[in-house]
Amino acid sequence: MTSLVEHPRRLHVVDPITGESRADYDIADEAAVAAAVQRARDAAGWWAGLPARQRRRHLLAYKSSIASRIDELAELIRSETGKSVAGAQLEVMLAVEHLDWAARHAHRVLKRRSVSSGMLAFNQASSVTYVPYGVVGVIGPWNYPVYTPMGAVSHALAAGNAVVFKPSEFTPGVGVWLAQRWDELLPGRPVLQVVTGDGTTGAALCRAAVDKLAFTGSAATARAVMAACAERLTPVVIEGGGKDALIVTADADLDAAAQAAAFGGLGNAGQTCAGVERVYVEQAVYEPFLAKLADLVRPVRPGAEPDAPYGPMTTPVQPGIVLSHITDAIDRGARPVVGDASSVRPPFVEPVLLTGVPEDSAAVTDETFGPLLVVNAVPDAEEALRRTNATAYGLSGSIFTRSRRRGLALAGRLRAGAVSVNSVLGYAGVPSLPFGGVGDSGFGRVHGADGLREFSRPMSVTWQRFRAPIDLMTLQPAASAMRVSLAMFRWRHGRSTSPDRRDA
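Cut-off values and rules
- Residues numbered from 1 in each chain as written.
- Predicted model: local features only at pLDDT ≥ 70, side-chain atom pairs only at ≥ 80, totals over all residues.
- Heavy atoms only, no water.
- Salt bridge = Lys/Arg side-chain N within 4 Å of Asp/Glu carboxyl O.
- Helix = DSSP H or I, 4+ residues; strand = E, 2+ residues; numbered from the N terminus.
- Buried < 20%, exposed > 50% of the residue type's maximum accessible area, 1.4 Å probe, protein only.
- Contact = heavy atoms within 4.5 Å.
- Polar contact = N/O pair within 3.5 Å; in protein donor to acceptor, adjacent residues only side chain to side chain.
- 1 Å grid on protein atoms, 1.4 Å probe; cavity = no way out; pocket = protein on both sides within 12 Å on 5 of 7 lines; lining within 4 Å.
- Points joined across faces, edges and corners; volume = space filled by probe spheres on them.
- Nonpolar A, V, L, I, M, F, W, Y, C, P; charged D, E, K, R; others polar.
- Pairing = 2+ DSSP bridges.
- Axes fitted to C-alpha atoms, helices over the stretch in contact; angles between N-to-C directions.
- Parallel < 35°, antiparallel > 145°, perpendicular 65-115°, else oblique.
- Left-handed = near helix turned anticlockwise from the far one by under 90°.
- Core = buried A, V, L, I, M, F, W, Y, C linked by side-chain atoms within 4.5 Å.
- Phe/Tyr/Trp six-rings, centres within 6.5 Å; stacked < 30°, edge-to-face > 60°.

A. Inspection of the pattern of salt bridges at higher detail. Applying the stated rule across the entire model yields 25 salt bridges. Linking arginine 104 and aspartate 100 is a salt bridge whose minimum nitrogen-to-oxygen distance equals 2.9 Å. Placement of both arginine 104 and aspartate 100 in helix H4 (residues 85-110) is noted, with a separation of 4 residues, approximately one turn of the helix. Glutamate 383 is the partner of arginine 387 in a salt bridge, and the nearest nitrogen-oxygen pair spans 2.9 Å.

Here it is, written out as structure tokens:
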């Protein structure tokens, strides 16, 4: 089982599958973190001062360095998380796609653009541009140690910031590897640095006077991060997990829905923030859907093999959390369809499929982060929608229906940051789409144009083209100027007008 043993100022990381020692890493203290942030601040000026095309060239070279060594990075991910080789490779491919998009589109998204000045300032030309914050801190998770933090890292770099990245204490080697690839391309330019350590290192980064901080982890830890950042009014981007649901309507393709539920619920051993943990099925198709899903899930077995469907729980506490959710649900009347409490055999957890689970049980309300699927019948899609939204989380969701109009209508009413219709995690591979949640799932966005703007601050600029014939920007405007201005104001804003047909 994965474990971390703290030596004096060291992390000892072991393989989650074999238990063999992997490596020791420094636990960066406040002084070490502060030094890294200062180096980043010095480098940030150089990086932001480069022409956009040069930053793009460096980022694309970084992308190529990662992509050309995908097998090496995937094996490192596997050794620290236990996930399958295919799962690790997919993670790297997705991260590289987003890095490529950010590098190629940053200038277009963030360049200066003109805006209308309006009536009162018609003599002014106006524009908005986006400028980098300076130094961005990133605290990453262990479940997707490349894809998830690189969403913030790549867009922060593309926006012109320097980055100090603190990887999870369970996956420090992945973070170090990413920083090494950068240093090989631009030695002596610490635009991307990694500080390894535990929670104390993350806390130090929050208080190290970074200009913005991006965090991915539990909602509980996110609150602590926000409290620490509030001491300096450091703005934050938070992704705090999810309890995502899949809705199956009566007209859905049940085979496709069952395949998606199995992938979304069991992929990466269920350790996916935006995976499927709840499934709500309209009563008319509940029994056939449940049978199809059970047939898919029943033969699946986790394993230590590189090509296993999924691997172990990455952290030592996770099997206990999954077990508590299973036993609580069954004790309160849930029916096991596949697996039960005996399916938890640390570090592995075999697939568990429960139905008739009370809506106030932990398996429905709390993030399980394991291969446990809850499938409950509902009378109609309206009830499915109500139950889906009845959670503190709001990261993403999925809807299966043959009607495009119905699917989009339901998606628009889902309390979530992203929705896939007739797929799960469909948005994850679309670099132009922003990603983030609401409620306990956090706020702010990574990926796409919104992700680039998230790591830059808008700056408004005006320049006077000519002197205004009617000048109100003076301590004592002329009475005639006020009379004319008020008359124009009343004519423009005070008269009753017919609604524009486009407003209907």
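Picking up after the structure, the text goes on.
B. Structural detail: helix H13 (residues 381-389). Within the sequence span of H13, burial applies to Ala381, Glu383, Ala384, Leu385, Arg387 and Thr388. Residues of H13 that are buried make contact with strand E11 (245-248), strand E12 (278-282), strand E17 (372-378) and helix H14 (404-412). The distance from a side-chain oxygen at the start of H13 to the backbone nitrogen of glutamate 382 is 3.2 Å, and the residue carrying that oxygen is aspartate 380.

C. Focus on the layout of surface pockets. Its volume calculated, the second largest pocket comes out at about 730 Å³. In terms of lining residues, the second largest pocket is bounded by 33 residues, among which Trp142, Phe215, Gly217, Ser218 and Thr221 are the most central. Elements with a contribution of two residues or more to the lining of the second largest pocket: helix H7 (199-206), strand E9 (212-216), helix H8 (219-230) and helix H11 (318-331). Ranked by residue count, the leading element in the lining of the second largest pocket is H8, at 5 residues. Within the lining of the second largest pocket, the residues separate by chemical class into 17 nonpolar, 12 polar and 4 charged.

D. Looking closely at empty space enclosed by the protein. Throughout the structure, instances matching the rule amount to 2 cavities of 30 Å³ or more. As for the largest cavity, its lining consists of 13 residues, and the residues nearest its centre are Arg278, Thr388, Gly394, Ser396 and Arg415. Put simply, the second largest cavity is a space of about 50 Å³. Along its surface, the second largest cavity is lined by Asp244, Ala245, Leu246, Ala274, Gly275, Val276, Ser396, Gly397, Ser398, Val424, Leu425 and Tyr427.

E. A look at unusual backbone geometry. Residue proline 346 is joined to proline 347 through a cis peptide bond whose omega torsion reads 5°. Positive phi outside glycine occurs at histidine 447, with the angle close to 75°. Examined against the element boundaries, histidine 447 turns out to sit in the loop between strand E20 (442-443) and helix H15 (448-454). Residue histidine 447 is classed as buried on the basis of its relative accessible area of 4%.

F. Region of interest: the pairing of strand E18 (residues 396-400). With 5 of 5 residues buried, E18 is to be regarded as a mostly interior element. Here E18 shows two buried faces, one formed by Ser396, Ser398 and Phe400 and the other by Gly397 and Ile399. Examined bridge by bridge, E11 and E18 share 4 bridges and lie parallel to one another. From the neighbouring strand, alanine 245 faces E18, where its bridge partner is glycine 397. Two elements, E18 and strand E19 (residues 418-421), share 4 bridges in a ladder whose sense is parallel. Residue pairing across strands places isoleucine 399 opposite valine 421, the latter belonging to E19.

G. Representation of the packing of helix H1 (residues 30-49) against H7 in the model. Between H1 and H7, the least distance of the axes is 9 Å, while the angle of their chain directions is 45°. Between H1 and H7, the angle falls in the class oblique. When the axes of H1 and H7 are compared, the crossing they make is right-handed. Touching Glu30, Val33 and Val37 of H1 are Thr201, Ala204 and Leu205, all from H7.

H. Quick peek at the nonpolar core. Counting 87 residues, the largest nonpolar core has Ile66, Leu73, Met150, Leu178, Trp182, Leu213 and Phe455 as the members making the most contacts within it. Among the elements that take part in this core, H4 stands out by supplying 12 residues, more than any other. Residue contacts for methionine 150: discarding those within four places in its chain leaves Tyr62, Ile66, Ala95, Leu99, His155 and Leu178.

I. Main features of the environment of leucine 186. Tracing the backbone shows leucine 186 in the loop between helix H6 (172-185) and strand E8 (192-194). Assessed through its relative accessible area of 11%, leucine 186 is described here as buried. Sequence separation of leucine 186 and tyrosine 62 is 124 residues, and the distance between their C-alpha atoms is 9.5 Å. If sequence neighbours within four positions are ignored, leucine 186 has contacts with Trp46, Trp47 and His58.

J. Molecular detail of the sheet that holds strand E5 (residues 124-132). Strands sit in the order E4-E5-E21 across an open sheet of 3 strands; the sheet is antiparallel. Because the sheet does not close on itself, it has two edges, and the strands there are strand E4 (113-115) and strand E21 (456-464). Across the sheet, the mean angle separating the axes of adjacent strands is 30° when strand polarity is ignored. Two elements, E4 and E5, share 3 bridges in a ladder whose sense is antiparallel.

K. Representation of the packing of aromatic side chains within the structure. Evaluated as defined, the whole model comprises 6 aromatic pairs. Both rings, one in tryptophan 46 and one in tryptophan 47, keep their centres 6.0 Å apart while their planes meet at 40°; by these two values the pair is tilted. Overall, the relative accessible area of 22% leaves tryptophan 46 in the partly exposed class. Given a relative accessible area of 0%, tryptophan 47 falls into the buried group.

This is a description of form; function is not addressed.
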